[in-house]
Amino acid sequence: MSTPPKTPDAIRGTQDIFGAEAEAFAHVVETFERVRKLYRFRRAEMPVFEKTAVFSRSLGETTDVVSKEMYSFEDRGGESLTLRPEFTAGIARAYLTNGWQQHAPLKLATHGPLFRYERPQKGRYRQFHQINAEILGAGEPQADVELLVMADQLLKELGVADGVSLHLNTLGDAPSREAWRVALIDYFRDHRESLSEDSQERLERNPLRILDSKDPRDKPFTEGAPKIDDYLSDEAQDFFGKVTQGLEAAGVAFARAPALVRGLDYYRHTAFEFVTDRLGAQGTVLGGGRYDGLIETLGGPHTPAVGWAAGIERLAMLVGAGGNVAEGKLDTAIIPLGEAAEKACIALAAALRRFGLVVEMSFRGNMKKRLGRANESGAEYAIIIGDNELAAGKALLRNLNTGVQTAQPITHFGKVPLSLLDGVEFGEPPDPGTNQVFDILTNSGKKDDS
RNA sequence: GCGAUCGUAGCUCAGCUGGUUAGAGCGCCGGUUUGUGGUACCGGAGGUCACGGGUUCGAGCCCCGUCGGUCGCCCCA
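Residues numbered from 1 in each chain as written. Chains lettered and ligands numbered in written order. Predicted model: local features only at pLDDT ≥ 70, side-chain atom pairs only at ≥ 80, totals over all residues.

**Notes on the overall build of chain A**
Link 1 in the chain: When helices and strands are tallied, chain A shows 16 helices and 16 strands.
Link 2 in the chain: The dimensions of chain A, computed from C-alpha atoms along their principal axes, are 95 × 70 × 45 Å.
Link 3 in the chain: For chain A, the residues scored as buried account for 34% of the 450 residues in total.
Link 4 in the chain: Within chain A, residue pairs in contact and separated by at least 24 positions form 68% of the contacts whose partners lie at least 6 positions apart. (Helix = DSSP H or I, 4+ residues; strand = E, 2+ residues; numbered from the N terminus. Buried ≥ 20, exposed ≤ 12 C-beta atoms within 10 Å, placed from the backbone. Contact = placed C-beta atoms within 7 Å.)

The structure is reproduced here in C-alpha cells:
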C-alpha cells in the first residue's frame, strides 16, 4: 500500500510561460537583440549568482532591499551567495575583475532572469526577466542620449510605444543632489504633521521618495516642494541640457518629470522611466539612469556609467495585448499510414524541412484524427502516404483549404514548391537524369493552358 | 511585512435563504465514416468542491486556521 507521491508546487512568484505568452516573451528578446546590434552594444553573459557583497555593497548594507528582498543563501563552504536581483552590480564586478576597462567606453547588452524576494503582484514576480543595456566608462551626456534613443527605438519596434511616454529628470552632480536633498528635508519638515505616515517615515530614510508618494495627503505639499533645477550646478545644468538637446536632435519625445527620483546614493544626473498606465500599479516599462558612483562602492576607480533595464514580462504583456505575436504557422503536415510509409515520411519530412518548410509529421491516431490535427494546426497542405501509395511511388497531396487532393510522384516533393504541385495531376515520375523542376514547370504550364 | 479578494472537471465558469446521485461550455476519447479534416448529431471518461478543523440532523455554501492565486500598500536595485 503506497500512497502516490505528491506533486511539488511551483515556487511562489515563479511562472511557467507557455504558448502565446512565451512567443511574446521571445519576440521581446529577439527584438532587443536585433536593435542592440544596430547600436553596436556588445553581448555579455554573467553568472546568475554572485557573492552577496557584490549587491549588498553597491546597494548599501542597511536598506530594506538588501536586508529583506534578496535571495541570499550559504553554499557548502559557508560563503554567502545571492541570486542576482539586478544586472548592474554584476556587470560592474565583471568590468573590474576582467579588466574590461581596456574596452571603455564599453557598450554592453544582456538579458536573463533576476530574483527578488517580494510579494508577487501584477507585473512583479520573484523570478522575472529583464533586458539590460549599459555604457561603462563614459561620463559624456552623449552616452545617455544613445541609450535613450535605443530604448525609444526598441519600444517603437516592439509596437508598444503608443501609450508609453518617456519621463526624464536630472538629479544633478553630487553637490547639486545633496543641496537639493537638504532643501527637501527642510521643506517637508515644516509640514511634517500633515504628511502621510509613510512619508513621515520617508523623511528620515529617503526624503526624495516623498515626491512620488501615492498618498493623496502628500500631494498638496509635493507640488510646492523645492525643485532640483534651483540647485543644479552650472556643470550639471550643462550636462542635462546636452541630454535634452540630443534627444530633440534624435526626435525622441520626452516629458520633464521633476518628481522622478532614484533612491540610492550612487545615482547622478540623468534618471528616466518609460511609463504606461496600462499595467496597473507597476507602470514602469523601462527605467534607468546614470550611476557614476557605483563602481567605487565595489572598490574600483571612479568610473562614470549609465544604463537601463526593462522587464521582459511587462513588455510581453503590452506586445501580447496588441495581438501581434502568433505561434509559428505550419506549412505542411505529413501523414504516414503504416510502418513502411512512416520511414518514407521521415525522409520526406527531413527533405522538406531542409528546403525551409515548416513541417510536422503525425505519429498518433487514425487517419481521421491525423487529418483533423493537420487542419487545426492551420497547415495549408497535407501529404499522405500509405502503403498503397508507397508501392506506387506516389503520395497524396491534399490542399486543406480547397479539399482538392492529387497523387504525386514522391520524387517531386522537396524539389518543387508545393503550390506548383497543387491540384495538378501528373503521370509517371520524370526519367532519372532529366531536370525534374523544369519538367514539372512545363507540365504544369500545359495544364494551366488547357 | 500589511490589506482586500478569490480557490468547484484538463481549461473557463454556474451551483438559489445550508437539503438526496455536483452541473454547463470548451477540450479529450469513441461512434455515425474498415484510409480522409473543417460542419452536424450521438455516446463516454474525467471531481477527496485547495487543505485541516468546527457548527449542524445535514456543509461546495456558515465559522476558524493553513496553503495557494489575484489585485493593491510598503519597497523598488
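**Comments concerning the protein's contact with RNA strand B**
Link 1 in the chain: Around RNA strand B sit 46 residues, and of these Lys122, Gly280, Ala281, Gly386 and Gly403 come closest.
Link 2 in the chain: Residue assignment for the surface near RNA strand B shows that the elements contributing at least two residues are helix 3 (64-68), helix 7 (197-205), helix 13 (367-376), strand 14 (381-386), helix 14 (387-392) and strand 15 (394-399).
Link 3 in the chain: The element best represented in the surface near RNA strand B is helix 13, accounting for six residues.
Link 4 in the chain: Residues that form the surface near RNA strand B fall into these classes: 13 nonpolar, 15 polar and 18 charged. (Near = placed C-beta within 6 Å. Nonpolar A, V, L, I, M, F, W, Y, C, P; charged D, E, K, R; others polar.)

**Quick word on unusual backbone geometry**
Link 1 in the chain: Of note, the amide linkage connecting alanine 104 to proline 105 takes the cis form, showing an omega dihedral of -5°.
Link 2 in the chain: Looking at the secondary structure, you find proline 105 in the loop between helix 4 (88-97) and strand 5 (106-115).
Link 3 in the chain: Positive phi, close to 60°, is recorded for arginine 40, a residue that is not glycine.
Link 4 in the chain: When you line up the elements, arginine 40 lands in the loop between helix 1 (20-38) and strand 1 (42-43).
Link 5 in the chain: Here histidine 269, not a glycine, exhibits a phi torsion of approximately 55°, which is positive.
Link 6 in the chain: Relative to the helices and strands, histidine 269 is located in strand 9 (residues 268-276).

**Topic: the nonpolar core**
One recurring pattern in soluble globular proteins is that nonpolar side chains are buried together.
Link 1 in the chain: With 75 residues, the main nonpolar core has Val28, Leu147, Ala151 and Leu315 as its most contacted residues.
Link 2 in the chain: Broken down by element, the residue count for this core peaks at nine residues, all from helix 5 (residues 141-158).
Link 3 in the chain: Beyond its immediate chain neighbours, meaning those up to four positions away, valine 28 contacts Leu158, Ile312, Leu315, Ala316 and Val319.
Link 4 in the chain: Judged by nonpolar contacts, the second largest core, of 23 residues, contains Leu352, Ile383, Ile385 and Leu397. (Core = buried A, V, L, I, M, F, W, Y, C linked by C-beta atoms within 7 Å.)

**Comments concerning helix 5**
Link 1 in the chain: Its 18 residues give helix 5 an end-to-end C-alpha distance of 26 Å, which sits within 8% of 26 Å, the value for a rise of 1.5 Å per residue.
Link 2 in the chain: Most of helix 5 sits out of view: 13 of its 18 residues are buried. (Expected span 1.5 Å × (residues − 1).)

**A look at the sheet that holds strand 8 (residues 255-256)**
Link 1 in the chain: As summarised here, the arrangement of the eight strands in space is 1-5-6-11-10-9-7-8, forming an open sheet in which the pairing is mixed. Single-partner strands in this sheet number two, and they are strand 1 and strand 8.
Link 2 in the chain: Two strands pair when backbone bridges link them, and strand 5 and strand 6 (residues 127-136) are joined in this way by 10 bridges, in the antiparallel orientation. Bridge pairing in strand 6 links alanine 109 to alanine 133. (Pairing = 2+ DSSP bridges.)

**Focus on the sheet that holds strand 4 (residues 80-83)**
Link 1 in the chain: Read across the sheet, three strands follow the order 2-4-3 without closing on themselves; strand pairing throughout is antiparallel. The two strands at the open ends of the sheet, each matched to only one other strand, are strand 2 (49-51) and strand 3 (72-74). Looking at each pair of strands side by side, their axes are set apart by 35° on average, direction ignored.
Link 2 in the chain: Where strand 3 meets strand 4, three bridges bridge the pair, whose relative direction is antiparallel. (Axes fitted to C-alpha atoms, helices over the stretch in contact; angles between N-to-C directions.)

**Structural notes on the pairing of strand 7 (residues 164-170)**
Link 1 in the chain: Strand 7 sits mainly inside the fold: five of its seven residues count as buried.
Link 2 in the chain: Across seven bridges, the pairing between strand 7 and strand 9 is antiparallel. What sits directly across from threonine 170, in strand 9, is threonine 270.

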